[in-house]
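Structural features, examined
So the chains spell out like this:
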There are 2 protein chains.
Amino acid sequence: MEILKTKREIRAVVKKAKESKRRIGFVPTMGYLHKGHLALIQNSMEDGCFTVVSIFVNPLQFGPSEDFQRYPRDIERDISILEKAKVDAVFLPSDDEMYPAGHLTVVSVPNLSGKFEGAIRPGHFTGVCTIVAKLFNIVQPHRAYFGWKDAQQLVVIRRMVKDLDFDISVIGVQTVREPDGLAASSRNVYLSEDQRRRALVLSRALQEIRQMVEYNKIIDAEVLISRGREIIKSEQVELQYLEAVELENFEIIKNIRKNTGIIGAIKVDKVRLIDNIIWD
Amino acid sequence: MEILKTKREIRAVVKKAKESKRRIGFVPTMGYLHKGHLALIQNSMEDGCFTVVSIFVNPLQFGPSEDFQRYPRDIERDISILEKAKVDAVFLPSDDEMYPAGHLTVVSVPNLSGKFEGAIRPGHFTGVCTIVAKLFNIVQPHRAYFGWKDAQQLVVIRRMVKDLDFDISVIGVQTVREPDGLAASSRNVYLSEDQRRRALVLSRALQEIRQMVEYNKIIDAEVLISRGREIIKSEQVELQYLEAVELENFEIIKNIRKNTGIIGAIKVDKVRLIDNIIWD
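The numbering scheme is per chain: residues are counted from 1 as the chain's sequence reads. Each chain is given a letter, starting from A, and each ligand a number, starting from 1, according to the order in which they appear as written. Local features are withheld for residues below a pLDDT of 70 in this predicted model, meaning they are given only at 70 or higher, and side-chain atom pairs are given and counted only at 80 or more; totals for whole chains, interfaces and linings count all residues. Values shown for side chains rest on all heavy atoms present in the structure; no hydrogens or waters enter the calculation.

As a further point, take the domain arrangement of chain A. Accessible area lost upon the coming together of the parts serves often as the stated size of an interface. Residue and element names in this part refer to chain A. For chain A, the assigned domains read domain 1 (2-173) and domain 2 (186-275). Domain extents, as shown, originate in an automatic or database domain assignment. Between domain 1 and domain 2, the C-alpha centre-to-centre distance is 26 Å. Carbon and sulfur atoms supply 58% of the area buried between domain 1 and domain 2, which totals about 1800 Å² over both sides. Considering only the side of domain 1, the residues that lose the most area to domain 2 are Phe 116, Glu 117 and Ile 120, jointly responsible for 31% of the buried surface there. Just to be clear on terms, a salt bridge is a Lys or Arg side-chain nitrogen sitting within 4 Å of an Asp or Glu carboxyl oxygen. The interface formed by domain 1 and domain 2 includes 4 salt bridges. Note that Lys 115 is salt-bridged to Glu 251, the shortest N-O span being 3.3 Å. Any pair of N or O atoms that falls within 3.5 Å is considered a polar contact. Within protein, one atom must be able to donate a hydrogen and the other to accept it, and sequence-neighbouring residues count only if both atoms are side-chain atoms. At the boundary of domain 1 and domain 2, one finds 11 residue pairs in polar contact (both at pLDDT 80 or more). Within the residue set of the side of domain 1 that touches domain 2, elements represented by two or more residues are helix H5 (117-120) and helix H7 (151-163). Segments assigned H or I by DSSP are reported as helices when at least four residues long, segments assigned E as strands when at least two residues long, and all are numbered from the N terminus. Broken down by element, the residue count for the side of domain 1 that touches domain 2 peaks at 4 residues, all from H7. Buried area, as used here, totals the accessible surface that two parts lose on assembly, with accessibility defined by a 1.4 Å probe and the loss added over both.

Structural data, given as structure tokens:
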């Protein structure tokens, strides 16, 4: 497994792989890897791709009062995980390599970026789109893998890829869960035992909604959402949003159907967690 | 010469050229081609590139009260010019091909975009960056050619290319002038005979400033700019700006040196014209 710290080096490695007719699969991450990341990597490997993983905690996607400084990092552990997973190349740039002095340009998806996660985290998706556009131009992959756990991020990136004509397939991979139902996330490490117990109310509410839709054939979003809110209220957490949306544009909808989802965000004391169920 | 109307077709043509080890030179235009465009094309041909010219009047870079509708167009004449110039491929997309329904994403260069042309034409450079990013992703050239006549556009695009890590060299080509000194521009067609006579005051003022710098060794921007403004005042035109700037960031400077320029914009009745001299 090659570990590359500069754009120049990763470009050379990708160029060589392309010359050997390999297709390039790309998994951009912020490190502190978990089962969710491994599912993305596995998808790329199973697609037969020369698999490139990037690890970069992108300052541009954190707000000034957010957790950029304390975001969990453990590069040595990440590298050992990636070696075991038989990843082909890891791109591990410094902040200066990605944002040298004088950087100004941003990529944004107005409207889509301003809803839900974007409303709570202003500028977040602009930061995400900008770094992803950069990484796409550096790695020039055929395919890029993102988790459905960050559903709005996936939809924003698909919109960007389509709108800016990137010649890249964006593959959405199903959310991986811990045995207790919690969606895998690097931020789960912030939770104390008690907070984690309370955090489970979000996945439990979503699971019950899924049952109501798939077994009881209830598709009325108002009914589903009120039941979900009721469940979340039973626990000591702050509900930020729980809504049924059209997946393409994150508009609130009245009935569950194909290409819709229910997205939720809670705060457990100071820890924000998001989760969703989608019907795609 | 191949004429391609869809992204799919131009991509296939470029792919084939790359397979034959050709380097791709790209000249994005809004058509109504003039000598300035031909200089860009000639540079690409002399660099030995497989030369792709795009013609697309980009609605996104025009303000609501600007000249998008009446912008001069003559595709047949353009094609005959490009054939004579022995261009390899012309990309001629429709509005729907470039901006299908649902398009949201924009690329912008805050700060740089808000000065001079960007202050007078809000949103202009965001429109320019967005279409150029799209065209770069569609054509995937090795080199792209832009004229120094639109100096701020060239600087904004260079910034975008650097910041978003496009693997493309942006080549700036010297302004081409009519025999009377007027900088070549598609918009010159808007000028009546009398307006054209008045319009020449801008290139005349810039020419006198160049003499003062290069022969009289006057580098004090205040002296140069006041002389320029004096000349422009002698004619019945509206001066929008005339300033000495650092080329990298378009900050106003006190002394002319390497990598600076003097940029100017006037209105002759309703016709806006820009011009500049640069020391790069």
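Here we take up the nonpolar core. Throughout this description, the term nonpolar core refers to a set of buried Ala, Val, Leu, Ile, Met, Phe, Trp, Tyr and Cys residues connected via side-chain atoms within 4.5 Å. For each residue, the accessible area found with a 1.4 Å probe, counting protein chains only, is set against the maximum for its type, and the residue is called buried under 20%, exposed over 50%, and partly exposed in between. Residues Phe 136 and Met 160 of chain A together with Phe 136 and Met 160 of chain B are the most contacted members of the largest nonpolar core, which totals 100 residues. It only takes one pair of heavy atoms within 4.5 Å for two residues to be counted as in contact. Apart from the residues lying within four places of it in its own chain, the contact partners of Met 160 of chain A are Val 107, Val 109, Cys 129, Val 132, Ala 133, Phe 136, Asp 165 and Phe 166 of chain A together with Thr 105 of chain B.

Residues and elements named next belong to chain B. Judged by how many residues are buried, strand E3 (residues 50-55) sits mostly within the fold: 6 of 6 residues are covered. Across the two faces of E3 the burial is the same, with Phe 50, Val 52 and Ser 54 and Thr 51, Val 53 and Ile 55 all buried. DSSP-based pairing: two strands are paired if at least 2 bridges between them are found. Bridge count for strand E2 (residues 24-29) against E3 is 6 bridges, and the pairing is parallel. Opposite Phe 26, over in E3, you have Val 52 as the bridge partner. In this fold, E2 hands off to helix H2 (residues 35-46), which returns the chain to E3; that crossover is right-handed. Here a crossover is taken to be right-handed if, once the strands point away from the viewer, the path from the first strand over the helix to the second is traced clockwise.

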